[in-house]
Every structure is written in structure tokens, then in C-alpha cells.
Amino acid sequence: MSDKHFKRVALIGIGLIGSSLAHAMRAYKLTDHIAISTRRQETLARAEELELGDSYHLSAAEAVSDADLIIVCTPVGACEAVAREIGPHLKPGAYVSDVGSVKSSIVAQMKPHLPDHAVFIPAHPVAGTEQSGPDAGFAALFRQRWCILTPVPDTPDEAVEKMRLFWEACGSDVDVMTPEHHDLVLAITSHVPHLIAYSIVGTAADLEQVTRGEVMKYSAGGFRDFTRIAASDPTMWRDVFLNNKEGVLEILGRFTEDLIALQRAVRWGDGDQLFDLFTRTRAIRRGIIEAGQDAAEPDFGRQLAAEAKPDEDGL
Ligand code: NAP
């Protein structure tokens, strides 16, 4: 048995991330048995129809008994209740991880409910789409995307290494940092951009002098790219903002100051300031493409990605 292999894995929650993990673990032979648990009977039945696992359980406690790795894939706000339920049923040496988009709050919610004989190693795969549910997953979701591990003080080094191998086998590059640092980094790269998208799409929806039809018709002028982000799952994102208050408010403060400076530049016709900023931001976009985190093709390579997805799934 290789280091990245776990004999029995339990997935608690089987939406976009849980089902993508199920596909990836199958495709890359990372486990002998996938036990799936979710809250609603209809989601569990759909997971079974899609043959995402080997056993299906409405009870999370039942799914985790005898599991070597448990990955909690529910919205962040449900993690404490899940930890409370599974804690007493974990076998000695079981690894407990998660995929939540915030980390400090997950540690605070889950750690107190886990027994000393379990190994806790929180994780965040920085990979996603605006889709939700068990139908949305695909094996290649994590490929060439970062997965951040945020060990707690008593996580053994060997557990960090084993989870690194596991996520690398799913196609990810792996970084390790503290939960607090993760939350600040993700506030700027993900959380605040989502808040801005939600805000601007909401503003457009409320405009009275411009009709809804015109907003749709001329959306390719930039608005459309915000709507993709603003279509992300409302429950997941509500929980992100409720659980990374500190990081989001810190970055939002900086952003608001910068926005006001831009407002002044527009008002006073300060073309140099605008041109300098737009030149710097264009270089950032180039850096992201060079880092393999997006495509340079027109339309952000969306067409290419859509064509690639079905083939990659079964690899
Ligand atoms: P999703 O597609 O909406 O799936 C959520 C799953 O959790 C479903 O199986 C759902 O079960 C279950 N669930 C929802 N509320 C629950 C509750 N109160 N108690 C127990 N189970 C509950 O979500 P997702 O996009 O996979 O996101 C899951 C986690 O991954 C979140 O923590 C999110 O922060 C993180 N994440 C998401 C992305 C992304 O882009 N989507 C990227 C990286 C990390 P039922 O259907 O049975 O109700």
C-alpha cells in the first residue's frame, strides 16, 4: 500500500467538492472503499445513481466507523455539527480532514469535538466552479490547482506528508501554512472578489434607469464575468463571510480606500494614475497565466475547458 492510499475513506457531504473527490479517488486508485454520507435522502440516492461510492449512509456516524480518512465536504457552517456527530465514532489513528474555504473557524469548530486518538489535518483545495451538488463533480477539478494544508499544533508531520501525497495524486500542488495566514490570503484572492461580484451584480439588478434587458444584452462588456462569480452557491458563500470576518474586513478596508482614490482620479481626470494602475494590473493577469492558473485564450478559455471536461473525468 503506497503512502497516498487509504483503505477506507468517508466523504461527509457529496456536492461539487465531495463528488469531485470521489471521482478523483476512483480514477487515481487512492482507496479501496468510499463511504458516502449526506444530509438529505434525495442527494444520497443521486450519489448512488451516479455510482460515486461503495456504501451510502444517512448517518455520518455510521459512515466514519472503520474509516481511515474522513473528509468533511459540507458548507463551513455545518462542520461543527458534523464533528460533534462523528467524534465518538472515529477509530484510533483515523485522519479527519475537510475542504472548507476558511480555516481558523473550521479549526475552532471541529477540533474540540475530535478525540485525541484521531489525527486532524484541515485542508482547502483552491479549485471550484459555480456549480453545486453531486452531478457537478469531475476528477480533473483539482488538477493544476493548489491545495492548502493548515495543520494544527498537534498534527504529526507524517500526517501532513501523507495528505500532501494524497492531494498531489489528485493532481494538486500542495502548500502548507497556518489557518490564520490562509484566511488572510484567501480574503484577497477569493473572498473579497466574490463580495465585490455579489455587490456589483446586485447594483446592476437594482438600477432603474437601465433596463434588465439592456443589462443582459450588453453584459459582454465586463459585467458577464462578474455574474459567473456571483452565481456561486449562496449557502457556501454566506458561511464563508460569517466565518472569515476578520480577514475579509481587513482586506475590504484596504480595498475601499483604494476605490475612493480611484473615484478621485476619475473625478479629477487624473489619466496618469488610471494608466499606471491599469498597467500594473495587466502584469498581474500575465503572471496568473504564466503560473498556469488561467488560460490566455479569448473568452478566458471557457470553450476549451468545457470541451476538455468530459474526457478528463475518466482518466
Ligand atoms: P455543495 O455542492 O453545495 O454540496 C454541499 C454538501 O453538503 C451536500 O452534500 C449537502 O447535502 C451537504 N450539506 C449542506 N448543508 C448541510 C448541513 N447543514 N449539514 C450537513 N450537510 C450539509 O457544496 P460544495 O461546493 O461541494 O462545497 C463544500 C465545501 O467545499 C464548502 O465548505 C466550501 O467552502 C468548500 N469549497 C468549495 C469550493 C467551490 O468552488 N464550490 C471550492 C473549494 C472549497 P444535502 O444535499 O444532502 O443537503
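Being a predicted model, the structure only gives us computed values, none of them experimental.

> What's the story with the nonpolar core in this structure? I'm lost.
One finds Leu 11, Leu 21, Phe 142, Leu 149, Met 163, Phe 166 and Trp 167 to be the most contacted residues of the largest nonpolar core, which totals 40 residues. Looking at this core, the elements that each hand over two or more residues are β1 (6–12), α1 (16–27), β2 (31–37), α2 (41–49), β4 (69–72), β8 (146–149) and α6 (157–169). Apart from the residues lying within four places of it in its own chain, the contact partners of Leu 149 are Ile 121, Pro 122, Ala 123, Val 160, Met 163, Arg 164, Trp 167, Val 174, Asp 175, Val 176 and Met 177.

> How should the pattern of salt bridges be read in this particular structure?
If the charged atoms of two oppositely charged side chains come close together, the side chains can form a pair. Enumeration according to the criterion identifies 15 salt bridges in this entry. For Arg 46, the salt bridge goes to Glu 49, with nearest N and O atoms at 2.5 Å. Of this pair, Arg 46 and Glu 49 are both found in helix α2, three residues apart, which corresponds to roughly one turn of the helix. Arg 46 sits in the partly exposed class, given a relative accessible area of 30%.

> What's the story with the domain arrangement of the chain in this structure? I'm lost.
A common way to express how large an interface is: the accessible area buried when the components associate. The domain boundaries assigned to the chain delineate domain 1 (6–177) and domain 2 (181–305). Between domain 1 and domain 2, the C-alpha centre-to-centre distance is 29 Å. With 19 residues of domain 1 at the contact, the number on the domain 2 side is 17 residues. Summed over the shared surface of domain 1 and domain 2, the number is one salt bridge. In this structure, the salt-bridge partner of Glu 130 is Arg 228, at a minimum N-O distance of 3.4 Å. Seen at the junction of domain 1 and domain 2, the total is 10 residue pairs in polar contact (both at pLDDT 80 or more). Of all elements in the fold, only α5 (104–110) and β8 reach the threshold of two or more residues within the side of domain 1 that touches domain 2. Here the side of domain 1 that touches domain 2 gets three residues from one element, more than from any other, and that element is α5.

> What is the right way to read the packing of helix α7 (residues 179–206) against helix α10 (residues 234–243) from this model?
If you want to describe how two helices pack, look at the angle between their axes and the distance between the axes. At their nearest, the axes of α7 and α10 sit 11 Å apart, and the two run at 120° to each other. As the angle between them shows, α7 and α10 are arranged oblique. Classified by chirality, the crossing of α10 by α7 is left-handed. Across the interface between the two elements, Ser 190, His 191, His 194, Leu 195 and Tyr 198 from α7 touch Trp 237, Val 240 and Phe 241 from α10. Taken together, the residues of the contact of α7 with α10 break down into five nonpolar, three polar and no charged.

> Got a minute to help me understand the packing of aromatic side chains in this structure?
Think of a pair of aromatic rings as described by two things: how far the centres are apart, and how the planes are tilted against each other in angle. In total, this model carries five aromatic pairs according to the counting rule given. Plain terms: the ring middles of Phe 6 and Tyr 95 are 5.5 Å apart, the flat faces sit at 65° to each other, and that makes the pair edge-to-face. In this pair, Phe 6 sits in strand β1 while Tyr 95 sits in strand β5 (residues 95–98), placing the two residues 89 residues apart along the sequence. What makes Phe 6 buried here is its relative accessible area of 2%. Among the aromatic residues, those joined into a cluster by ring pairs are Phe 6, Tyr 95, Phe 142, Phe 166 and Trp 167. Lys 162 extends its terminal NZ or CZ atom over the ring of Phe 6, reaching a point 4.4 Å from the ring centre.

> I keep staring at unusual backbone geometry and nothing clicks. Help me out?
Trans peptide bonds make up most of the peptide bonds, and negative phi angles are found at most residues other than glycine. With a phi angle near 55°, Glu 51 is a residue other than glycine that sits in the positive phi range. You can see Glu 51 is positioned in the loop between α2 and β3 (55–57). Residue class for Glu 51 comes out exposed when judged on its relative accessible area of 59%. The backbone phi angle of Asp 66 is positive, close to 80°, even though this residue is not glycine. Topologically, Asp 66 is positioned in the loop between α3 (60–64) and β4. When its relative accessible area of 48% is taken as the criterion, Asp 66 is described as partly exposed.

> Is there a simple way to think about the sheet that holds strand β9 (residues 173–176) in this case?
Two pairing modes exist for strands in a sheet, parallel and antiparallel, and in both the strands are linked by backbone hydrogen bonds. As summarised here, the arrangement of the three strands in space is β7-β8-β9, forming an open sheet in which the pairing is mixed. Whereas interior strands pair on both sides, the edge strands pair on one side only; in this sheet they are β7 (123–125) and β9. Across the sheet, the axes of successive neighbouring strands diverge by a mean angle of 20°, strand direction being ignored.

About the criteria used
Residues numbered from 1 in each chain as written. Predicted model: local features only at pLDDT ≥ 70, side-chain atom pairs only at ≥ 80, totals over all residues. Heavy atoms only, no water. Core = buried A, V, L, I, M, F, W, Y, C linked by side-chain atoms within 4.5 Å. Buried < 20%, exposed > 50% of the residue type's maximum accessible area, 1.4 Å probe, protein only. Helix = DSSP H or I, 4+ residues; strand = E, 2+ residues; numbered from the N terminus. Contact = heavy atoms within 4.5 Å. Salt bridge = Lys/Arg side-chain N within 4 Å of Asp/Glu carboxyl O. Domains from an automatic or database assignment. Polar contact = N/O pair within 3.5 Å; in protein donor to acceptor, adjacent residues only side chain to side chain. Axes fitted to C-alpha atoms, helices over the stretch in contact; angles between N-to-C directions. Parallel < 35°, antiparallel > 145°, perpendicular 65-115°, else oblique. Left-handed = near helix turned anticlockwise from the far one by under 90°. Nonpolar A, V, L, I, M, F, W, Y, C, P; charged D, E, K, R; others polar. Phe/Tyr/Trp six-rings, centres within 6.5 Å; stacked < 30°, edge-to-face > 60°. Lys NZ or Arg CZ within 6 Å of the ring centre and 35° of its normal. Pairing = 2+ DSSP bridges.

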